[in-house]
Amino acid sequence: MSRFYNLLSLPVSMGWRHVLFANWPVAPEVVAAHLPDSLSVDTFDGQAWLSAVPFTNVAVRPAGGPQRMGFRLPELNLRTYVTHDGEPGVYFFSLDAQGVFGVVGARLFHHLPYYYARISLTAEADRIKFSSRRVHPGARPVRFHATYGPTGEQFRADPDSLEAFLTERYRYYTEALSGELRYAAVSHEPWPLTEASVEWGENGLFRANGFADPASDPVYLYSPGVDTVASGSKRIE
């Protein structure tokens, strides 16, 4: 069993493709009420942010393994931006994914709040149609439907910009069932970004995670994707 655990806890290579960052500014105290005590809300110009991020993982495999052994994993997450001892990162409120084994492995060995969902992602020209329905036993139902795509010229975010704040994050934090705070490091090239347009069908992510639907205007960003390596889950000393 220990050998199996070690295998699933290894760093993971994957590609993130057809990524939408749909971002809403909210009051910091709204986010803080939903975070572990050991994490602090990270803000930009005094605002906290909630982001819905649909995309697909491709060639998911142990780091260093050949791409042909990888699998595809469509995903949808709701996240915010945090710091711990001054180290910025992402905190996930929920992650919905298509693959049963990927969901189980991520929950058990990476301490991430994954839920099994039925997800469809199709790309036609520059428009991505994404549909997700959570079917995880015992979990709150979530439906999400959006069509999105790039607009304008591709760019790399300036280091001190809102776009960099929302996308250039190289660590995520998780809380184990024991209450222990953990993290994983993520490495990739800077995101290639464009502005994005979105046509909404349904978005139940906020209510399922205890938030009201934000009344603020969202900021949309799109990326064709990056290749990345995420470390195994590590305990914060």
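Residues numbered from 1 in each chain as written. Predicted model: local features only at pLDDT ≥ 70, side-chain atom pairs only at ≥ 80, totals over all residues. Heavy atoms only, no water.

A. Structural view of unusual backbone geometry. Although it is not a glycine, D45 adopts a positive phi angle of roughly 50°. Mapped onto the fold, D45 is located in the loop between β2 (40-41) and β3 (48-62). For D85, which is not a glycine, the phi torsion comes out positive at approximately 50°. The residue D85 is located in the loop between β4 (71-84) and β5 (87-97) in this model. Residue D85 is classed as exposed on the basis of its relative accessible area, which comes to 75%. (Helix = DSSP H or I, 4+ residues; strand = E, 2+ residues; numbered from the N terminus. Buried < 20%, exposed > 50% of the residue type's maximum accessible area, 1.4 Å probe, protein only.)

B. Seen up close, the nonpolar core. Core analysis: the biggest nonpolar cluster contains 35 residues, and V31, L50, F93, F130, F144, Y148 and L205 have the highest contact counts within it. Counting 31 residues, the second largest nonpolar core, distinct from the first, contains V19, V60, F92 and V226. (Core = buried A, V, L, I, M, F, W, Y, C linked by side-chain atoms within 4.5 Å.)

C. Quick peek at the pairing of strand β10 (residues 181-188). Burial analysis of β10 places six of its eight residues in the buried class, which makes it a mostly covered element. In the sheet, strand β9 (residues 171-175) pairs with β10 via five bridges, with the strands oriented antiparallel. Note that in β10 the partner of R171 across the bridge is A185. The pairing of β10 with strand β13 (residues 234-235) spans two bridges and is classified as antiparallel. Among the inter-strand pairings, R182 is bridged to a residue of β13, identified as R235. Sheet analysis places β10 next to strand β12 (residues 219-230), joined by three bridges and oriented antiparallel. Its bridge partner lying in β12, V186 is registered against A230. (Pairing = 2+ DSSP bridges.)

Function-wise, these values are silent; they only describe arrangement.
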